[in-house]
Amino acid sequence: MGLGGCIILIAVGAILTFATDWDMQGVNLDLVGVIFMIVGLIGVATFSSIARRRRVVMPPTTPVVEERSHHHHTQDGGYSNGYGS
């Protein structure tokens, strides 16, 4: 159940508890509303703790710098010493 479902549970529970005046034999709608609100609050707390755990910020990595060789290939396949020889 996502965050939206938890908020809907809280809203339905509040409506059942505070805004309805129905009498159903064998069912206490006020108690059902309170249970819905409690379950919704537990869901919101669980969802937020899981979301907080997923947002772990990793430190930036240091880029790997490759060193280039300062020797240049010559026409005959050998290396020059940098002075054109």
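Structure's up top.
Residues numbered from 1 in each chain as written. Predicted model: local features only at pLDDT ≥ 70, side-chain atom pairs only at ≥ 80, totals over all residues. Heavy atoms only, no water.

1. Looking at the overall build of the protein
So the rule is basically this: In DSSP terms, a helix is any run of H or I states spanning at least four residues, a strand is any run of E spanning at least two, and both are numbered starting from the N terminus. We call a residue buried when its accessible area falls under 20% of the maximum for its residue type, exposed when it is over 50%, and partly exposed in between, using a 1.4 Å probe and counting protein chains only. All accessible-area figures derive from a Shrake-Rupley calculation using a 1.4 Å probe, and residue coverage is judged against the displayed protein chains alone.
Each helix and strand counted, the protein has 2 helices and 0 strands in total. Across the 85 residues of the protein, 14% fall into the buried class. By element, 63% of the accessible surface of the protein is carried by carbon and sulfur atoms, the whole surface being about 7600 Å².

2. A look at the packing of helix 1 (residues 3-19) against helix 2 (residues 29-54)
This is how it is decided: The angle between two axes is taken between their N-to-C directions and runs from 0 to 180 degrees, where each axis is a line fitted to C-alpha atoms and a helix contributes only its stretch in contact. For classification purposes, angles smaller than 35 degrees are called roughly parallel, those larger than 145 roughly antiparallel, those between 65 and 115 roughly perpendicular, and all remaining angles oblique. Handedness of a crossing follows from how the near helix is turned relative to the far one, being left-handed for an anticlockwise turn of less than a right angle and right-handed for a clockwise one. Three categories are distinguished: nonpolar for Ala, Val, Leu, Ile, Met, Phe, Trp, Tyr, Cys and Pro, charged for Asp, Glu, Lys and Arg, and polar for the others, with Gly belonging to the last.
In contact at an axis separation of 7 Å, helix 1 and helix 2 are set at 155 degrees when each is read in the N-to-C sense. In terms of axis orientation, helix 1 runs roughly antiparallel to helix 2. Note on packing geometry: the crossing formed by helix 1 with helix 2 is left-handed. Its residues placed into classes, the contact of helix 1 with helix 2 shows 17 nonpolar, 5 polar and 1 charged.

3. Brief notes about helix 2
Where we set the bar: A helix is expected to span 1.5 Å for every residue after the first. In protein, a polar contact means a hydrogen-donor-capable atom and an acceptor-capable atom, both N or O and within 3.5 Å, with residues adjacent in sequence counting only if both atoms are side-chain atoms; elsewhere, any N or O pair within 3.5 Å suffices.
When the terminal C-alpha atoms of helix 2 are compared, their 37 Å separation across 26 residues agrees well with the 38 Å that a helix rising 1.5 Å per residue should span. Those residues of helix 2 that fall on the buried side of the exposure criterion are L29, G33, M37, G40 and G43. The opening residue of helix 2 is N28, an N-cap whose side-chain oxygen sits 3.2 Å from the backbone nitrogen of D30.

4. As for the side chain of T17
Short version of the rule: Residue contacts follow a heavy-atom distance rule, with two residues in contact if any of their heavy atoms lie within 4.5 Å.
Relative to the helices and strands, T17 resides in helix 1. Residue classification places T17 among the buried residues on the basis of a relative accessible area of 15%. Among all residues touching T17, those that are not within four sequence positions of it are D30, G33, V34 and M37.

Just distances and angles here, no functional claims.
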